[in-house]
Amino acid sequence: MKKILAFVLILALAFTAIACAAPAAAPAEEATTEAATEPAAEAAPAVTTYKVGVCIYKFDDNFMTLYRQELESYLKSLETDTVKYDVTIMDGKGDMAEQTNQVDTFLAQGVDVLIVNLVQSSSAATITDKAKAAGIPVVYINREPSADDMKAWDKICYVGADARQSGTYQGEIIASLPNKGDQNGDGVVSYVMIMGDPENVDAQYRTEFSIKALTDAGIQVEELFKQRGDWAQEKGQELAANALAQFGDKIDVIFCNNDGMALGAYQAIVAAGRTVGTDIYLVGVDALPECVQMVKDGTMTGTVLNDHIGQSHTAVDAAVKYLAGETVETYLWVDYQKVS
Ligand code: GAL
């Protein structure tokens, strides 16, 4: 009897064991089958990410703000599934020592290409030497290094606009007015010149060539006032206010080397009770959107398009060529256009 009981017990245990084991085995078998029939996972495409270091002389600059925004968005628009650009843009805050440190940091971080808007054009040689030692090409923008500095290495280029052209266009805008800019009819165009940073060829050439266009057109000129406003609106306002207080109705034209300063000068003109287009003329350069609107409204006589879109795209295209190991011409010019 005991033997029969033991046999039944063993049988019962064996059934229980089989019953417990079976459900666990089934899913494992299914998983294996699934794995066997699934298509092999596709290999992800290899992505190359290039590091692009951008140095801007100063973020607080109307024109260079438009420029750097377009630079970044255009570079991003060139990305593909397999090519990405890791862009870092630094603010030089108008301090060359700070910008030099930023370049050092970029090089230490292993950027693949640099785009540099120098704080001081005269420091190009220092920056080129560092980049050359690291084998990293440089696209200089907006502030032109000297011709000698541009010969230092075949992996540097300059993207800019010929500032002589912008100055000439400013002068031509005034010379083509019915009274040729002589609002008070005394036979002489008496002008105020508000300059950018005089170290910058843009400031030098715009100052020189705007007046040359008048004298080339046979117009007699008289310089009443000339001071540096360093491209800044507040300084443009301050200097124009000083000039208006000093020379009053004698002033026919206020030439500003850029629109930022012209915006400031406009505030001073209004505060002095003068009316642009009636008893005074005002010209700038850049064609900032607000200034183009003012030209349409007649509150600014004219401006000159400094093509930040063309320049930023040209700079990025040059950088991309360097990344592809291609050669780039030393000078890449973008034209100005009159807005009057
Ligand atoms: C000029 C521009 C100015 C200022 C300057 C900075 O080309 O007209 O508004 O941005 O560059 O270097």
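Counting restarts for each chain: residues are numbered from 1 in the order of the written sequence. Reporting of local features is limited, given that this is a predicted model, to residues whose pLDDT is at least 70; pairs of side-chain atoms are given and counted only at 80 or more, and all residues count toward the totals for whole chains, interfaces and linings. Remark: hydrogens and water are excluded; side-chain values derive from all non-hydrogen atoms of the structure.

A. The overall build of the protein chain, seen in detail. Only DSSP runs of H or I with at least four residues qualify as helices, and only runs of E with at least two residues qualify as strands; both kinds are numbered from the N terminus onward. Within the protein chain, the regular secondary structure consists of 10 helices and 12 strands. When a residue's accessible area, from a 1.4 Å probe over protein chains only, is under 20% of the maximum for its type it is buried; when over 50% it is exposed; and in between it is partly exposed. Buried residues in the protein chain amount to 46% of all 340 residues. Residues count as neighbours in contact if any of their non-hydrogen atoms are within 4.5 Å of one another. Here the contacts in the protein chain between residues at least 6 apart in sequence split such that 73% fall between residues at least 24 apart. Calculation of accessible area relied on Shrake-Rupley with a 1.4 Å probe; when residues are assessed, cover is drawn exclusively from the protein chains displayed. As presented, the protein chain carries roughly 16,400 Å² of accessible surface, and 54% of it is formed by carbon and sulfur atoms.

B. The side chain of Asp 91, seen in detail. Here Asp 91 is to be found in strand E2 (residues 83-91). Any pair of nitrogen or oxygen atoms within 3.5 Å is treated as a polar contact; in protein, a donor-acceptor pairing is required on top of that, and neighbouring residues in sequence qualify only through side-chain atoms on both sides. Side-chain polar atoms of Asp 91 contact the backbone nitrogen of Lys 93, separated by 2.8 Å.

C. Broad picture of the site of the ligand. The environment of the ligand is made up of 13 residues, and the closest members are Asn 142, Arg 143, Asp 202, Arg 206 and Asp 286. In this structure, Asn 200 approaches the ligand through a side-chain N or O atom, which is 3.4 Å from an oxygen atom. In the model, an oxygen atom of the ligand is placed 2.8 Å from a nitrogen or oxygen of the Arg 206 side chain. Those elements that provide at least two residues to the shell around the ligand are helix H2 (62-77) and helix H6 (201-216). In terms of residue class, the shell around the ligand is made up of four nonpolar, four polar and five charged. Here the limits of each domain have been adopted from an automatic or database domain assignment. Of the domains in this structure, domain 1 (48-161 + 308-339) and domain 2 (163-305) are the two that each give at least three residues to the shell around the ligand. Think of it this way: one heavy atom of a residue within 4 Å of a molecule or strand is enough to make that residue near it. Throughout this entry, Asp, Glu, Lys and Arg are counted as charged residues, while Ala, Val, Leu, Ile, Met, Phe, Trp, Tyr, Cys and Pro are counted as nonpolar. The remaining residues, Gly among them, count as polar.

D. Up close: the environment of Ile 115. Within the fold, Ile 115 resides in strand E3 (residues 113-116). A relative accessible area of 1% places Ile 115 in the buried class. Between the alpha carbons of Ile 115 and Pro 137 there is a distance of 8.6 Å; along the sequence they are 22 residues apart. Once you skip the residues sitting within four places of it in the chain, Ile 115 turns out to touch Val 52, Gly 53, Val 54, Cys 55, Leu 71, Val 139, Ile 141, Ala 315 and Ala 319.

E. Representation of the nonpolar core. Residues Leu 114, Val 139, Tyr 140, Ile 141, Ile 254, Phe 255 and Leu 282 are the most contacted members of the largest nonpolar core, which totals 96 residues. In contact with Phe 255, other than residues within four places in its own chain, are Gln 170, Gly 171, Ile 174, Tyr 191, Val 192, Met 193, Ile 194, Ser 210, Ile 211, Leu 214 and Val 283. Only buried residues count toward a nonpolar core. Its members are Ala, Val, Leu, Ile, Met, Phe, Trp, Tyr and Cys residues joined through side-chain atoms within 4.5 Å.

F. Quick look at the environment of Tyr 74. Examined against the element boundaries, Tyr 74 turns out to sit in helix H2. Judged by relative accessible area, which is 17%, Tyr 74 ranks as buried. Between the alpha carbons of Tyr 74 and Asp 317 there is a distance of 9.5 Å; along the sequence they are 243 residues apart. Among residues more than four places away in sequence, those in contact with Tyr 74 are His 313, Val 316 and Asp 317.

G. Structural detail: the packing of helix H7 (residues 233-247) against helix H8 (residues 259-271). Interaxial angle, 0 to 180 degrees, is taken between N-to-C directions of lines fitted to C-alpha atoms, where a helix line uses only the stretch in contact. Interaxial distance between H7 and H8 falls to 7 Å at its minimum, and their mutual angle equals 40 degrees. In this view, H7 runs oblique relative to H8, as classed from their interaxial angle. Crossing of H7 against H8: the hand is right-handed. Note on element contacts: H8 touches H7 through Gly 260, Met 261, Leu 263, Gly 264, Ala 265, Gln 267, Ala 268 and Ile 269, opposite Gln 233, Gly 236, Gln 237, Ala 240, Ala 241 and Leu 244. Residue composition of the contact of H7 with H8, by class: eight nonpolar, six polar and no charged. For classification, angles of less than 35 degrees are called roughly parallel, those exceeding 145 degrees roughly antiparallel, those between 65 and 115 degrees roughly perpendicular, and all remaining angles oblique. Throughout, a crossing is termed right-handed when the near helix is turned clockwise from the far one, and left-handed when it is turned anticlockwise from it by less than a right angle.

H. A look at the packing of aromatic side chains. We call Phe, Tyr and Trp rings a pair once their centres come within 6.5 Å, taking the six-membered ring for Trp, and we label the pair stacked below 30 degrees between planes, edge-to-face above 60, and tilted otherwise. Applying the stated criterion across every chain yields a total of six aromatic pairs. Judged by centre distance (5.9 Å) and plane angle (85 degrees), the ring pair of Phe 63 and Tyr 67 falls under edge-to-face. Of this pair, Phe 63 and Tyr 67 are both found in helix H2, four residues apart, which corresponds to roughly one turn of the helix. When sorted by exposure, Phe 63 lands in the same class as Tyr 67, which is buried. Joined through ring pairs, the aromatic side chains of Tyr 158, Tyr 331 and Trp 333 make up one cluster.

I. Quick look at the side chain of Gln 183. Locating Gln 183 in the fold gives a position in the loop between helix H5 (163-175) and strand E6 (189-195). Within the structure, Gln 183 has its side chain in polar contact with the backbone oxygen of Ile 251 (distance 3.1 Å). Non-local contacts of Gln 183, meaning those with residues more than four positions away in its chain, are made with Asp 249, Ile 251, Asp 252, Arg 274, Thr 278, Asp 279, Ile 280 and Tyr 281.

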